[in-house]
Amino acid sequence: MKLVLAIVHDDDAPRVMDELNKNGFMVTKMCSSGGFLKSGNTTLLVGVDESRVDQVLQIIESKSRSRKQIIDSSVTNSSAIGGGVYMSYPVEVTVGGATVFVLDVERFQKY
Ligand code: 2BA
């Protein structure tokens, strides 16, 4: 058995989950935040037989879009004469489609 751990955009999560459920996969949704943008995203956990991992990945890929996001990057130049100079400039980052990890499951129990 494998555990597919997928980090997807909040807006894509409902479509990814619907399609996984439609195809008979069980999904757990967790609210998460990216360490870089500090904004919300969704982490999905899917426990699945190894033979069906590719199907899960294909569904996640087909329902996740990549997006351009502009963030404000701040730089403080404290060595400037007369005190620190504060500069802020926009930086474009591409987020997603999905970041996926596939992990081995040592043991799976349901009680
Ligand atoms: P964030 O950490 O908020 O990152 C959002 C996007 O910012 C990333 O998109 C990437 O394009 C950019 N980015 C992240 N760190 C950067 C850095 N140090 N310098 C420049 N740009 C940077 P994605 O790569 O699509 O990642 C989306 C989200 O997936 C991440 O949100 C994070 O929550 C998760 N993620 C990605 N790679 C991961 C990893 N190796 N381990 C754990 N989580 C990961």
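These lines cover the structure that appears in this document, whether it is placed above or below. The model shown is predicted, which means the values in this text are computed figures rather than measured ones.

## Comments concerning the sheet that holds strand 6 (residues 98-104)
Part 1 of the argument: Here we have 4 strands laid out as an open sheet, ordered 2-3-1-6, and antiparallel in their pairing. Edge positions in the open sheet fall to strand 2 (28-33) and strand 6, since each of these has one partner strand only. Strand-to-strand twist across the sheet, computed as the mean angle between neighbouring axes with direction ignored, equals 20°.
Part 2 of the argument: By the bridge criterion, 7 bridges tie strand 1 (residues 2-8) to strand 3 (residues 40-48) in an arrangement that is antiparallel. Counted as the bridge partner of Val8 is Thr42 from strand 3.
Part 3 of the argument: Each of strand 1, strand 2 and strand 3 touches helix 1 (residues 13-22); the most contacted strand, strand 3, lies at about 10° to it.

## Comments concerning the layout of surface pockets
Part 1 of the argument: Each pocket or cavity is described by its volume, and for the largest pocket that value is around 310 Å³.
Part 2 of the argument: Lining the largest pocket are 19 residues, with Ile7, Leu37, Asn41, Val95 and Gly96 sitting closest to its centre.
Part 3 of the argument: Only strand 1, strand 3, strand 5 (85-95) and strand 6 provide two or more residues apiece to the lining of the largest pocket.
Part 4 of the argument: By residue number, the principal contributor to the lining of the largest pocket is strand 5, which donates 3 residues.
Part 5 of the argument: Here the residues of the lining of the largest pocket are counted per class, giving 7 nonpolar, 11 polar and 1 charged.
Part 6 of the argument: Lining the second largest pocket are 15 residues, and of these Met1, Met26, Val46, Gly47 and Phe108 sit closest to its centre.
Part 7 of the argument: Its residues assigned to classes, the lining of the second largest pocket comprises 9 nonpolar, 3 polar and 3 charged.

Cut-offs applied
Every chain's residues receive numbers from 1 upward, in the order its sequence appears when written. Residues qualify for local features only when their pLDDT is at least 70, as the model is predicted, and side-chain atom pairs are given and counted only at 80 or more; totals for whole chains, interfaces and linings, by contrast, use all residues. Heavy atoms throughout the structure, all of them, feed into the side-chain values; hydrogens and water do not. A pair of strands counts as paired when DSSP detects no fewer than two bridges linking them. Strands are runs of DSSP state E lasting at least 2 residues, helices are runs of H or I lasting at least 4, and numbering of each runs from the N terminus. Throughout, an axis means a line fitted to C-alpha atoms (over the contacting stretch in the case of helices), and angles, computed between N-to-C directions, take values from 0 to 180 degrees. A contact between two residues is defined here by any heavy atoms of the two lying within 4.5 Å. A cavity, in this analysis, means grid points on a 1 Å lattice covering only the protein atoms where a 1.4 Å probe fits yet has no way out; a pocket is instead an open set bounded by protein on both sides within 12 Å along at least five of seven lines, and a residue lines either one if it has an atom within 4 Å of a point. Grid points are joined across faces, edges and corners, and a volume is the space filled by probe spheres set on the points. Polar here means any residue outside two lists: the nonpolar Ala, Val, Leu, Ile, Met, Phe, Trp, Tyr, Cys and Pro, and the charged Asp, Glu, Lys and Arg; Gly therefore counts as polar.

Scope: geometric values only; no functional claims are made or implied.
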